[in-house]
Every structure is written in structure tokens, then in C-alpha cells.
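Fold and contact review
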There are 2 protein chains.
Amino acid sequence: MTTVNTNFLKLQSNYLFADIARKVSTFKEANPDKRVISLGIGDVTRPLVPAVVNALHKAVDEMGDAAHFHGYGPEQGYAFLRDIIVQYDYKARGVNLSADEVFVSDGAKPDVGNFQELFAQDSIVAVTDPVYPVYVDSNVMAGRSGEMTGKQWSSIVYLPCVKENDFVPDFPKTRPDMIYLCYPNNPTGTVLSRAALQGWVDYARREGCVILYDSAYEAFITDADIPHTIYELDGAEEVAVEFRSFSKTAGFTGLRCAYTVVPKALQISDGKGGKIGLNGLWNRRQCTKYNGCPYIVQRAAEAVYSEQGRKEIMGVIAGYQRNATMLRSAVSEMGLSVYGGVNAPYIWVRVPSDTDSWGFFDKLLQQAALVCTPGAGFGASGEGYVRLTAFGSPEDTEEAIKRLRSLC
Amino acid sequence: MTTVNTNFLKLQSNYLFADIARKVSTFKEANPDKRVISLGIGDVTRPLVPAVVNALHKAVDEMGDAAHFHGYGPEQGYAFLRDIIVQYDYKARGVNLSADEVFVSDGAKPDVGNFQELFAQDSIVAVTDPVYPVYVDSNVMAGRSGEMTGKQWSSIVYLPCVKENDFVPDFPKTRPDMIYLCYPNNPTGTVLSRAALQGWVDYARREGCVILYDSAYEAFITDADIPHTIYELDGAEEVAVEFRSFSKTAGFTGLRCAYTVVPKALQISDGKGGKIGLNGLWNRRQCTKYNGCPYIVQRAAEAVYSEQGRKEIMGVIAGYQRNATMLRSAVSEMGLSVYGGVNAPYIWVRVPSDTDSWGFFDKLLQQAALVCTPGAGFGASGEGYVRLTAFGSPEDTEEAIKRLRSLC
């Protein structure tokens with residue numbers, strides 16, 4: 001009989017969001033008069049901006065016209081989009097990339113989840129803790145996790161990010177092959193300074209590691225010292241892959257467009273004493289198992305870079321940033337330590353010492369009809385924290401803040 | 001140093017279409033006055049139908065409106081689309097499926113390429129020969145191919161489909177775990193009768209195999225005896241996964257929407273003496289590494305099933321079918337044996353005995369300025385054949401036929 005990839009059986013269902021939903025549902029039944037506001041959701045709420053909507057309508061009309069119809073596109077994305085990405089997201093920041101180092105796709109999650117296929121099965125994986133679960137789960141499925149012992153996998157190298165180390169991961173004792181870094185960070189909302197990120201690039205060059213750099217929240221960076229792309233750092237093109245997305249930048253969570261940068265200078269061992277470039281390998285992977293992002297969606301992404309598009313999108317992000325600032329203040333006024341929320345849409349709150357992640361979740365729900373995400377759901381080092389997000393409407397966020405203040 | 005997945009290094013670049021492009025380019029330079037017509041391309045050329053275009057415009061407007069905006073959708077697809085798929089593609093044919101056995105995605109190629117992840121690494125893979133290369137290449141990358149010996153992989157089980165067996169694959173001597181079948185077939189355009197497909201379902205049930213059934217060309221079926229879905233056959237829900245696509249059905253090659261059916265009755269060994277359902281495993285895979293098909297594209301797919309949509313799409317397919325019929329006649333009049341093209345957009349031509357796939361390709365190009373695809377590019381058993389496609393415009397197809405007749 002055909003047999004399963006037994007690595008899949010190691011994965012338990014992630015009950016975090018299901019547990020949250022059940023608690024919220026029970027609360028609503030018991031309190032039908034109270035309006036629950038979610039500060040837990042990691043999804044945008046503002047609509048697509050007019051420049052993007054107009055580009056979509058135009059592209060849809062092309063698809064209905066034999067003279068301008070587009071069938072299969074290049075698996076790597078259309079040149080019009082790859083070129084403009086290079087120009088605005090890289091050249092404008094002093095980074096030289098060529099368009100064939102940019103691979104357009106339908107999401108950073110698929111790219112991050114699939115990229116590990118290129119590496120040897122016995123590669124050692126390092127992740128920060130707390131962490132976005134996809135980095136870990138995709139490597140569990142690939143057989144790189146070892147066994148679950150307590151709350152951690154025996155073969156995964158965890159890099160704790162807690163207030164004690166100012167949320168800057170220390171170099172691990174065990175040398176990893178692949179290092180997942182996400183900055184601005186989900187879930188903590190913290191960032192790495194230029195110096196700290198240069199330290200990781202230098203470490204990777206010294207130790208022969210590959211950094212898988214998830215930069216999905218780049219658009220929220222406000223501080224001048226925070227790098228917008230890892231390729232601003234010396235030598236990063238030799239060790240780092242960068243994942244970017246239009247999801248949080250331009251509200252594309254339901255439209256689906258992202259891109260992954262794989263520099264040609266990035267080479268790994270071919271297992272036979274030579275080297276091989278990841279750019280060609282990823283190209284081969286995408287050509288075999290992917291068929292390109294929809295033409296109309298790529299035209300929408302192109303519009304994000306137009307003068308009108310950039311202006312409109314900056315307005316949307318400024319709104320989310322105002323939410324973040326207000327939430328930070330309100331939580332501080334409650335006497336709690338708060339991290340993140342300056343260069344990121346996520347706010348990471350240290351819960352009072354007499355409770356834990358879930359205890360504080362329950363308090364916010366029962367006393368203020370507010371929903372947050374317990375930090376323990378993102379890993380062992382997330383215990384004692386909750387995550388708030390700034391993606392709500394201004395009205396909901398203001399109402400949430402009133403309720404938080406009432407708890408003081 | 002980080003090491004590559006060495007299975008990727010086994011894959012040579014597929015030079016088939018690059019070789020074709022080079023030959024065509026050389027011909028054009030030498031014959032600037034001749035207009036080359038391609039009968040080689042596997043992509044549609046007709047635009048999206050009005051019902052689909054209208055649905056797209058409507059959905060785009062929703063995405064620009066805060067009250068109707070859609071962010072992250074369900075990884076498995078929206079209920080409105082899964083429900084209508086079950087109703088029109090299955091219940092209407094007497095097949096009972098539930099909506100949660102249907103997984104909407106951005107393409108049959110990604111689904112077919114990714115599905116093998118669910119199986120044990122040492123699973124034995126069977127493919128027909130000739131074959132769509134993705135089935136083989138995705139398993140090479142996963143380490144299931146063995147080594148290349150001559151023109152075949154040592155660990156892959158090949159099922160020749162040639163005129164001698166009427167293009168119906170015989171059961172293999174070695175029992176495979178996974179069997180890839182594509183009907184209506186790419187590249188041969190041939191089909192399996194109900195009895196022949198029942199034979200394969202029975203074989204899989206007897207031997208404990210899983211059939212990965214690619215049915216991307218289902219919309220081209222005209223003969224009443226040809227099953228439209230493998231689930232029309234007794235017991236298929238216990239052994240078969242079905243891949244379907246809107247690409248060739250509704251011209252979505254550039255819009256990207258497909259779906260994969262994973263029945264809950266389909267169970268495989270869990271490697272520990274028990275069984276496990278593929279439905280839950282695929283759901284877990286998709287939730288971890290995929291983020292759903294764009295909302296606007298799912299609304300477009302929904303419109304394919306509307307009364308207007310179905311009428312318009314049947315008109316487009318009828319046009320391609322007329323092309324196929326004309327091409328079949330013209331090739332027959334040349335005195336050549338011709339297969340396929342009745343229930344499929346592909347026509348498989350036996351080349352004259354004094355030449356081979358590439359020789360006949362050269363003859364068509366040099367003498368008629370026509371481009372076909374050499375069958376040898378699809379596998380060893382494709383030698384001696386070429387593939388013609390019916391996806392051209394009516395005008396181009398008629399001109400191509402004139403040129404074919406001039407060769408008689």
C-alpha cells in the first residue's frame with residue numbers, strides 16, 4: 001500500500017487560532033450585547049487603493065480582448081514588474097540587482113514554505129523564538145525537525161528573542177545551514193538595527209549559512225537607521241534570499257502578489273566539492289512547479305509603484321501606523337511594557353507578572369471585549385506576551401483604546 | 001557550508017522548447033518574407049468570455065470598497081466556488097462529493113507538482129510514456145527517480161502509450177505506489193474508455209496504489225463513452241486524486257485557477273500499521289504553504305458556471321474543436337496516421353517511416369513555415385510522432401491547413 005510521508009504525521013494541528021475563535025464564540029454567546037473588537041488579526045482591512053483598482057480594470061479589459069489577451073506568462077513574472085521592483089525597491093536604496101534575480105509569485109508564504117526544497121534534507125534550521133509558524137512547519141514536513149520534546153523540535157535551533165536580549169537574537173552554539181529571520185518581526189514588531197543585521201550577515205558569511213530573510217513588513221519602517229532590504233548590508237548578496245510581499249504594503253492579502261530575490265552571487269555547496277547558485281535552482285523549481293502570478297495581478301502590483309499609487313498607499317500605511325502609535329500609548333498607560341509598533345504593524349505586550357499569555361487574553365476578552373493573540377502560540381519564548389495588531393479601522397482602534405484605558 | 005538538495009542536480013534543463021525556438025528563429029532570419037504559424041503551442045489564444053470579464057470587474061470594484069473588501073481568503077477556496085464545482089462538475093454527473101473534498105488553487109501544475117510531497121520518499125512512481133514532464137521532474141526533485149540511464153530514469157516505471165497498444169497503457173510488471181494518468185492526454189490527445197479507466201481503478205484498489213488523475217482537458221470530451229471524471233468509475237474515490245483546471249476550459253492560462261479533488265475515502269498507510277486520509281494531509285500542506293487563490297479570480301471561475309458563462313465558453317471550445325477536426329483531416333489527407341484530436345485539443349501524428357520527430361519538424365518548418373512539437377521531447381515512446389495543437393485562431397489554423405495540403 002502507498003505510504004505517507006511520515007514527517008507530516010509529526011505535525012499537530014495548530015490550535016492557536018481555533019482556540020481563540022472558540023473562546024470568542026463562547027464570550028459572544030454569554031454577552032450578546034457586547035461588540036467584540038479584534039486586535040488579533042494579522043490581515044489588512046482597508047480596501048485596494050484607486051490606482052490599483054484602475055490598473056486591475058484596465059488589465060481585465062485587456063484579457064477580454066483578443067488583441068491584448070495574455071495566456072501563460074513567464075513563471076518568474078513579467079519584465080514590466082521585475083524591472084520596476086529593481087528600480088524602486090533596490091536601485092533607489094543603492095542596491096544593484098538585475099531583474100532576473102527577482103522572482104514574482106503569488107505570496108511570500110508559498111515562497112518561504114517552498115524555498116527549503118532547494119537544500120539538503122539533513123540541513124540544520126535555525127529560527128527565532130517566537131516565530132512565524134510556516135518556517136518551522138515547512139521544515140517539519142521536509143524531515144528536518146527531529147522529534148518534539150516539550151514545546152520544541154529536537155533538531156531545530158531556536159534563537160530566543162525576549163526583552164532580556166532586547167529582542168536581538170544571539171548567534172547559536174550549533175552552526176545552522178539555514179537561518180530564518182523576519183524583520184520587521186512578526187509577531188514581536190521589533191526590528192534589527194543596521195549593525196545587528198550586518199552582524200548576522202557576517203556570521204552567515206563566516207559560517208557558510210544561508211539567511212532566509214522575510215521582509216514582508218518593510219513598508220512600515222519609519223526609523224532612518226533600519227535597513228529596508230538586507231542587501232543594504234555588505235556581502236548580503238552572497239548569503240541572503242529576501243522575501244517581499246505586496247500583502248501588507250498595498251493590501252494585497254486577498255489579491256496575492258509577492259516576490260523573492262535570489263542573487264546570482266549566492267552559492268552553496270553542490271555536495272561534490274563544488275558550488276552551485278541558488279538563483280538557477282529556484283528558477284528550475286518555479287518553472288517545474290509554478291505557473292506564474294496572474295497577469296492582472298502583476299499589473300496591479302505595477303500600479304503600486306506609480307506616483308499616484310505610492311501616494312495612496314502611503315496614506316493607507318500612515319493610517320495603520322497611527323493605530324499602532326495609539327495602541328502603544330494606551331498599553332503603556334496601563335503600566336505594561338510594550339515593544340514593536342514603531343516600524344511594524346505589530347505590538348508586543350509584556351503581560352503583568354501575575355498572569356500569562358492566555359490569562360491576559362482572557363482578561364482583555366472578559367473585561368473589555370477585546371481579542372488579542374497569546375504570544376505563547378508563537379513559541380516557548382512568546383509566553384508572557386500578547387500580540388496586538390494595528391490593522392483595524394481607525395474607529396475600531398479608537399474604541400479599543402477607550403476600553404483599554406478603562407482597564408487601568 | 002549549506003548544501004544543495006542534490007536531486008536538483010540530476011535534472012538537466014529541458015531543451016525541447018529552447019531548441020524549437022532556436023530553429024524557428026534561424027528559419028525566420030533566412031526567410032524574412034514567410035509568416036511562421038505555430039501549431040506547437042499548448043496555450044489558449046481566445047480572450048476571456050464576457051461573463052468572466054464582467055465578474056472580474058464586479059469583484060475588482062468590491063476590492064476597492066471597504067464594505068466589500070476581501071483580505072486573506074480560505075486556503076482551500078471560497079465556499080461559493082467549491083459548492084458550484086461540486087454541483088456542476090460532479091453531482092450533475094452522478095458523483096457525490098462534498099465541498100471540503102475540493103481544494104481550489106492557482107493551477108493544476110502547482111497542485112500536480114506539490115502533491116507528491118504527501119508520499120513517502122521511497123515511493124515508486126509510474127508515468128505514461130510520452131508524458132507531461134512535471135510528473136517526472138517533481139519526483140526527480142524529491143529523490144524518487146534513481147539515475148538517468150539512456151533516456152529514462154532507473155527508478156521510474158514507464159507505461160508506453162503507442163499505436164501498437166492503441167495508446168492504452170498496460171499494467172506494469174513492477175507495482176507502483178503512485179500512478180500519474182492524464183486523460184484526455186497531453187501530448188497524445190488520446191482518451192481512455194470507461195472500461196479501460198475502470199481497469200486502472202480496479203488495479204489500484206487491488207495493488208494499493210494511488211492514481212493521480214490529471215483531467216485538465218476534460219472540457220474537450222465529446223464521445224459519450226468517455227468519463228468526464230474518474231469518480232464516475234466504481235471505487236475511484238478510494239484510490240484517486242483528480243486535478244482539474246480552468247486553464248483550457250475557460251482560457252484561464254493567464255488568470256490562474258484550478259482545483260484538486262481529494263476524497264475523504266482515500267486512505268494510505270501511515271507507516272505504522274494504520275491508515276491516514278490524504279484529504280487532511282493535503283489540507284495541512286495547503287494551509288502551511290499556500291495562501292489561497294485571489295478572490296477576484298475565484299469570482300471569475302464562479303462565472304464560468306453561470307448560464308451565460310457556460311454558453312460563451314462552449315462557443316470558444318467549439319471553435320478549438322473545429323480547428324482540431326480540420327487539422328486531423330488535413331493530416332490524414334497527407335497519408336499520415338493521426339491520433340487524438342477528437343476529445344482533446346492535441347493531435348498526435350505518426351511521422352513518415354523515413355524520418356523521425358525532429359526530421360518531420362524540420363520538414364514542416366522548411367517547406368511550410370509551420371511549427372509543431374517533436375514527440376521525442378515528451379519521452380522515449382514519443383519518438384516517431386509530432387504533436388499539433390488546436391489552440392490557434394481559426395484564420396491561422398485554416399492557413400496552416402492550406403500549407404499542409406500543399407505538402408501532399
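About the cut-offs
- By convention here, each chain's residues receive numbers from 1 onward along its written sequence.
- Each chain takes a letter, starting from A, and each ligand takes a number, starting from 1, following the order in which they are written.
- Residue-level local features of this predicted model are given only where pLDDT is at least 70; pairs of side-chain atoms are given and counted only at 80 or more, and the full residue set underlies all totals for whole chains, interfaces and linings.
- Values shown for side chains rest on all heavy atoms present in the structure; no hydrogens or waters enter the calculation.
- Helix numbers and strand numbers start at the N terminus; a helix is a DSSP run of H or I with at least 4 residues, a strand a run of E with at least 2.
- Two things to know: the radius of gyration comes from C-alpha atoms, and the globule rule equals 2.2 Å times the number of residues to the power 0.38.
- In this analysis, two residues are considered to be in contact whenever any of their non-hydrogen atoms come within 4.5 Å of each other.
- In these tables, accessible area is a Shrake-Rupley quantity obtained with a 1.4 Å probe, and a residue counts as shielded only by the protein chains included in the view.
- Two residue types count as positive, namely Lys and Arg, and two as negative, namely Asp and Glu; His and chain ends fall outside the count.
- One atom stands in for each charge, and that atom is NZ of Lys, CZ of Arg, CG of Asp or CD of Glu.
- Throughout this description, buried means an accessible area under 20% of the type-specific maximum (1.4 Å probe, protein chains only), exposed means over 50%, and partly exposed covers the range between.
- For two strands to pair, DSSP has to find at least two bridges joining them.
- Each copy is superposed on the other by least squares, with the fit set by C-alpha atoms of residues at a pLDDT of at least 70 in both.
- For every domain, the bounds stem from an assignment made automatically or drawn from a database.
- When a carboxyl oxygen of Asp or Glu is within 4 Å of a side-chain nitrogen of Lys or Arg, the pair counts as a salt bridge.
- A 3.5 Å cut-off defines polar contacts: any pair of N or O atoms within that distance qualifies, except that in protein one atom must be a possible hydrogen donor and the other a possible acceptor, and neighbouring residues in sequence count only when both atoms are side-chain atoms.
- Gly is placed with the polar residues, together with every amino acid not listed as nonpolar (Ala, Val, Leu, Ile, Met, Phe, Trp, Tyr, Cys and Pro) or charged (Asp, Glu, Lys and Arg).
- The span expected for a helix works out to 1.5 Å for each residue beyond the first.
- As a rule, the C-alpha atoms of each element are fitted with a line to give its axis, helices using only the stretch in contact, and angles between N-to-C directions run from 0 to 180 degrees.
- These descriptions rest on fixed angle ranges, namely under 35 degrees for roughly parallel, over 145 for roughly antiparallel, 65 to 115 for roughly perpendicular, and the rest for oblique.
- The term buried area means the drop in 1.4 Å probe accessible area that two parts suffer when joined, counted for both and summed.
- Here, nonpolar core refers to any group of buried Ala, Val, Leu, Ile, Met, Phe, Trp, Tyr and Cys residues whose side-chain atoms link them within 4.5 Å.
- Put simply, two rings from Phe, Tyr or Trp (the six-membered ring, in Trp's case) pair if the centres are within 6.5 Å, and we call them stacked under 30 degrees between planes, edge-to-face over 60, tilted for the rest.
- When the NZ atom of lysine or the CZ atom of arginine is within 6 Å of a ring's centre and also within 35 degrees of its normal, the charge is said to sit over that ring.

**Details of the overall build of chain A**
Along the backbone of chain A there are 13 helices and 17 strands. Compactness check: chain A gives a C-alpha radius of gyration of 22 Å against a globular reference of 22 Å for 408 residues, within 12% of the reference. Taken along the three principal axes of its C-alpha coordinates, chain A extends 60 × 55 × 55 Å. The contacts in chain A between residues at least 6 apart in sequence include a share of 73% that link residues at least 24 apart. Summed over its atoms, the accessible surface of chain A is roughly 14,700 Å², and 49% of this surface lies on carbon and sulfur atoms. One way to put it: in chain A the 40 positive side-chain charges average out to a point 2 Å from where the 47 negative ones average out.

**A short note on the pairing of strand 2 (residues 102-105) of chain A**
Residues and elements named next belong to chain A. Burial of the side chains of strand 2 extends over both faces: Val102 and Val104 are buried on one face and Phe103 and Ser105 on the other. Relative to strand 10 (residues 258-261), strand 2 runs antiparallel, the two sharing four bridges. The partner of Val104 across the bridge, within strand 10, is Tyr259.

**Considerations on the relation of the copies chain A and chain B**
Note on the copies: chain A fits chain B at an RMSD of 0.0 Å, the axial shift is 0.0 Å, and the rotation between them is 180°. Both copies are brought into coincidence by an operation consistent with a two-fold rotation axis. When C-alpha distances to the rotation axis are compared across chain A, the minimum falls at A:His57, with a value of 3.1 Å. Comparing interface residues between copies, 99% of those in chain A also sit at the interface in chain B, which points to an isologous, same-surface contact.

**Details of the domain arrangement of chain A**
Residue and element names in this part refer to chain A. Partitioning chain A into domains gives domain 1 (7-46 + 314-406) and domain 2 (53-307). Each of domain 1 and domain 2 has a C-alpha centre, and the two are 26 Å apart. Contacts between domain 1 and domain 2 engage 29 residues on the former and 38 residues on the latter. In this assembly, domain 1 and domain 2 are joined by one salt bridge. Lys10 is paired through a salt bridge with Glu147; the nearest N and O atoms lie 3.4 Å apart. On inspection of domain 1 and its partner domain 2, the count reaches 14 residue pairs in polar contact (both at pLDDT 80 or more). Of all the secondary-structure elements, those providing two or more residues to the side of domain 1 that touches domain 2 are helix 1 (7-10), helix 11 (307-333), strand 13 (338-340), strand 14 (346-350) and strand 17 (385-389). Tallied by class, residues from the side of domain 1 that touches domain 2 come to 15 nonpolar, 10 polar and four charged.

**A look at the side chain of A:Gln298**
Residues and elements named next belong to chain A. Here Gln298 shows up in helix 10 (residues 295-304). Note on Gln298: relative accessible area 1%, which makes it buried. Those residues in contact with Gln298 that lie beyond four places of it in its chain are Gly77, Tyr78, Phe80, Leu81, Val104 and Cys293.

**A look at helix 11 (residues 307-333) of chain B**
Here helix 11 of chain B spans 39 Å end to end across 27 residues, near enough to the 39 Å set by a 1.5 Å rise per residue. B:Gly335 lies just past helix 11 of chain B and shows a positive phi near 85°.

**Topic: the side chain of B:Asp214**
Residues and elements named next belong to chain B. Within the fold, Asp214 resides in strand 8 (residues 210-214). The charged side chain of Asp214 is buried without a salt bridge, its nearest counter-charge being Arg244 at 8.4 Å. Within the structure, the side chain of Asp214 is placed 2.6 Å from the side chain of Tyr135, a separation counted as a polar contact. Side-chain polar atoms of Asp214 contact the backbone nitrogen of Ala216, separated by 3.2 Å. In contact with Asp214, other than residues within four places in its own chain, are Val112, Tyr132, Tyr135, Leu181, Cys182, Tyr183 and Phe243.

**Considering the packing of helix 11 of chain B against helix 13 (residues 394-406) of chain B**
Packed helices, taken two at a time, are described by their axes: the angle between them and the distance between them. Residue and element names in this part refer to chain B. At a minimum axis distance of 9 Å, the contact between helix 11 and helix 13 shows a crossing angle of 5°. Classed by the angle they form, the pair helix 11 and helix 13 counts as roughly parallel. On the side of helix 11, the interface is formed by Asn323, Met326, Leu327, Ala330, Val331 and Glu333, while helix 13 contributes Pro394, Thr397, Glu398, Ile401, Leu404 and Arg405.

**A short note on the interface of chain A and chain B**
Facing the 80 residues of chain A at the interface are 79 residues of chain B. Of the roughly 6,500 Å² buried at the junction of chain A and chain B (both faces included), carbon and sulfur atoms supply 62%. The three residues of chain A that bury the most area against chain B are A:Met1, A:Thr2 and A:Arg284, which together make up 12% of that side's buried surface. One salt bridge in this structure joins A:Lys109 and B:Glu75, with 3.2 Å as the shortest N-O distance.

**Quick look at the pairing of strand 17 (residues 385-389) of chain B**
All names here are of chain B. Counting buried positions over the five residues of strand 17 gives five, a clear majority of the element. Burial along strand 17 is two-sided: Tyr385, Arg387 and Thr389 facing one way and Val386 and Leu388 facing the other are all buried. In this sheet, strand 17 lies alongside strand 14 (residues 346-350) in antiparallel orientation, the contact comprising five bridges. Paired with Tyr346 across the bridge in strand 17 is Thr389. Direction of pairing for strand 16 (residues 373-374) relative to strand 17: antiparallel, over a ladder of two bridges. Paired with Thr373 across the strands is Arg387, a residue of strand 17.

**Things to note about the environment of B:Ala55**
All names here are of chain B. One can find Ala55 in helix 3 (residues 50-63). Residue Ala55 is classed as buried on the basis of its relative accessible area of 16%. When the C-alpha atoms of Ala55 and Ala301 are compared, they prove to be 8.8 Å apart, with 246 residues separating the residues in sequence. Setting aside residues up to four positions removed in sequence, Ala55 forms contacts with Arg299, Ala300 and Ala303.

**So, the sheet that holds strand 3 (residues 125-129) of chain A**
Residues and elements named next belong to chain A. Strand order in the open sheet formed by seven strands is 2-10-9-8-7-3-6, and the pairing between neighbours is mixed. Here the strands that pair on one side only, and so sit at the sheet edges, are strand 2 and strand 6 (157-160). On average, each strand axis in the sheet is inclined to that of its neighbour by 20°, with strand direction left out of account. Judged from the four bridges that link them, strand 8 (residues 210-214) and strand 9 (residues 240-245) form a sheet pairing that is parallel. Residue pairing across strands places Tyr213 opposite Glu242, the latter belonging to strand 9.

**Re the nonpolar core**
With 151 residues, the main nonpolar core has A:Phe252, A:Ile296, B:Phe252 and B:Ile296 as its most contacted residues. Sorting elements by how many residues they give to this core places helix 3 of chain B first, with seven residues. Setting aside anything within four residues of it in sequence, one finds A:Phe252 in contact with A:Leu48, A:Val52, A:Phe246, A:Ser247, A:Cys257, A:Val297, A:Ala300, A:Ala301 and A:Val304.

**Overview of the packing of aromatic side chains**
Overall, the coordinates contain 56 aromatic pairs over all chains when judged by the stated rule. A centroid spacing of 5.3 Å and a plane angle of 80° characterise the contact between A:Tyr132 and A:Tyr135, whose relative ring orientation is edge-to-face. Taking the relative accessible area as the measure of exposure, A:Tyr135 reaches 2% and is therefore buried. Taking 5.1 Å as the distance between ring centres and 70° as the angle between the ring planes, the aromatic pair formed by B:Trp358 and B:Phe361 counts as edge-to-face. Taken together, the residues B:Trp358 and B:Phe361, both in helix 12 (residues 357-368) and three residues apart, mark about one turn of the helix. Connected via pairs of aromatic rings, a cluster forms that spans A:Tyr88, A:Tyr90, A:Tyr231, A:Phe246, A:Phe252, A:Tyr259 and A:Tyr305. Note that A:Arg350 overlies the ring of A:Tyr385, its terminal NZ or CZ placed 4.9 Å from the centroid. Across from the ring centre of B:Phe103, 5.7 Å away, lies the NZ or CZ of B:Arg82, which sits over that ring.

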